[in-house]
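Each chain is listed here by its residues.
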Amino acid sequence: MAQTVFITGTSTGIGAATVRLFAAHGWQVAATMRNPADAKFDGLAGVRVYALDVTDPASVKQAVAQAQHDFGRLDVLINNAGYGLVGPFETATYAQIQQQFATNMFGVFAVTQAVLPGMRAQQAGVIITITSVGGRTAFPMNSLYHATKFGLDGFSESLWYELAPFGIQVKVVAPGGVATDFAGRSLHMTADPADEANPYAGQMRAVLDAFSSRGGAASQPEQIAEVIYEAATDGKAQLRYIAGADAQGLLGAKAQMAEADFMKMIQQNFGV
């Protein structure tokens, strides 16, 4: 009997690549996104698309219930939906802060809570949350994004203990830079870097330029999908999977350096 994976945020990027990889391995895939019309999975056997807005609890419950009905059970959950909010914290509106947490954190909470009764009843399951290298270290002008990703990392570590007695594994996949449209469609800003009246404008431009210049080190979405598939299928009680050579190199350096030296290096690398 084929296993079933439920994936959020599958219209593009890592999510879409992960759908294709699991389908290629013969899995049944519940591919979710806000607008199913954006799906590009025609002809992929075993894939069904569901409308899901992770910020809407009713939408979450409906999508999970329908997928469980259609497939009989859910073996793996992949919390992938999210976006980046970049810019000075001082200029962030309350609505921007709410939306960042509603999508990146509270959405993960809602979907995870919705699948838990079924996984607990079957005494098996894997819950994988896509965080970021930015859930283990921080960069300038990303304070709210980092707050969500650091939070998800801690949430997952605690949940690892909580769910182990029920045969449910909890895992985190933390990519570095990924060659997706994250910096376009999935990037929001708290201020205009071209607004010279903004006292943070110079820092914003330096940080954005630094991120742009690192494009050559980025992983392809398919490479991250391979790490996600490994986490879902290796059977290991491993919590964290660091995905991408850039992420592994950065966190390796952080582990070896004094904190003050590492933070000075980040300041220099980002020109702030």
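We now turn to the structure provided with this report. All of these numbers come straight from a predicted model, not from anything done at the bench.

### Concerning the sheet that holds strand β6 (residues 125–130)
- Spatial strand order, β3-β2-β1-β4-β6-β7-β9: 7 strands in an open sheet with parallel pairing. With partners counted over all chains shown, the strands left at the sheet margins are β3 (47–51) and β9 (240–243), one partner each. Averaged over all pairs of adjacent strands, the angle between their axes in this sheet comes to 20 degrees, without regard to strand direction.
- As defined by bridge partners, strand β4 (residues 76–79) adjoins β6 across 4 bridges and the pair is classed as parallel. Bridge pairing in β6 links Leu-77 to Ile-127.
- Of the strands in this sheet, β1 (4–7), β2 (28–33), β3, β4 and β7 (168–175) are in contact with helix α1 (residues 13–24), which crosses β2 at around 165 degrees.
- Most of the contacts of helix α7 (residues 245–256) go to β9, to which it runs at about 115 degrees, and overall it touches β7 and β9.

### Side note on the pattern of salt bridges
- One pass over the structure, following the stated rule, counts 7 salt bridges.
- Residues Asp-153 and Arg-240 are paired through a salt bridge, measuring 2.8 Å at the closest nitrogen-oxygen approach. With a gap of 87 residues between them, Asp-153 in helix α4 (residues 143–163) and Arg-240 in strand β9 connect regions that are remote in the sequence.
- A salt bridge links Glu-157 to Arg-240, with the shortest nitrogen-to-oxygen separation between them at 2.5 Å.

### Side note on helix α2 (residues 57–71)
- Relative to the 21 Å expected for 15 residues at 1.5 Å per residue, α2 spans 21 Å between its end C-alpha atoms, a close match to the ideal helical length.
- Considered for burial, the residues of α2 that qualify are Ser-59, Val-60, Ala-63, Val-64, Ala-67 and Phe-71. Projected down its long axis, α2 carries its buried residues within an arc of 120 degrees, all on one side. Turned more than 90 degrees from where α2 packs its buried face, Pro-57, Ala-58, Lys-61, Gln-62 and His-69 sit exposed.
- Here the buried face of α2 lies against β1, β2, β3 and α3 (94–122).
- The N-cap residue of α2 is Asp-56: its side-chain oxygen and the backbone nitrogen of Ala-58 are 3.1 Å apart.
- A positive phi of about 95 degrees marks Gly-72, the residue just after α2.

### Topic: the pairing of β2
- For β2, the tally of buried residues reaches 5 of 6 residues, placing the bulk of the element in the interior.
- Alignment of β1 against β2, held across 4 bridges, turns out to be parallel. Across the sheet, the residue bridging to Thr-4 is Gln-28, located in β2.
- Each parallel crossover has a hand, and the one from β1 via α1 to β2 is right-handed.
- Inspection of the sheet shows β2 paired to β3 by 5 bridges, in the parallel sense. By the bridge assignment, Val-29 is partnered in β3 with Val-47.

### Focus on the side chain of Asn-104
- Structurally, the position occupied by Asn-104 is in helix α3.
- The buried category is assigned to Asn-104, whose relative accessible area is 1%.
- Beyond its immediate stretch of four places on either side in the chain, Asn-104 contacts Gly-82, Tyr-83, Tyr-145, Thr-148, Lys-149 and Leu-152.

Cut-offs used in this document
- Residues numbered from 1 in each chain as written.
- Predicted model: local features only at pLDDT ≥ 70, side-chain atom pairs only at ≥ 80, totals over all residues.
- Heavy atoms only, no water.
- Pairing = 2+ DSSP bridges.
- Helix = DSSP H or I, 4+ residues; strand = E, 2+ residues; numbered from the N terminus.
- Axes fitted to C-alpha atoms, helices over the stretch in contact; angles between N-to-C directions.
- Contact = heavy atoms within 4.5 Å.
- Salt bridge = Lys/Arg side-chain N within 4 Å of Asp/Glu carboxyl O.
- Expected span 1.5 Å × (residues − 1).
- Buried < 20%, exposed > 50% of the residue type's maximum accessible area, 1.4 Å probe, protein only.
- Arc of directions from axis to C-beta.
- Polar contact = N/O pair within 3.5 Å; in protein donor to acceptor, adjacent residues only side chain to side chain.
- Right-handed = clockwise from strand over helix to strand, strands pointing away.

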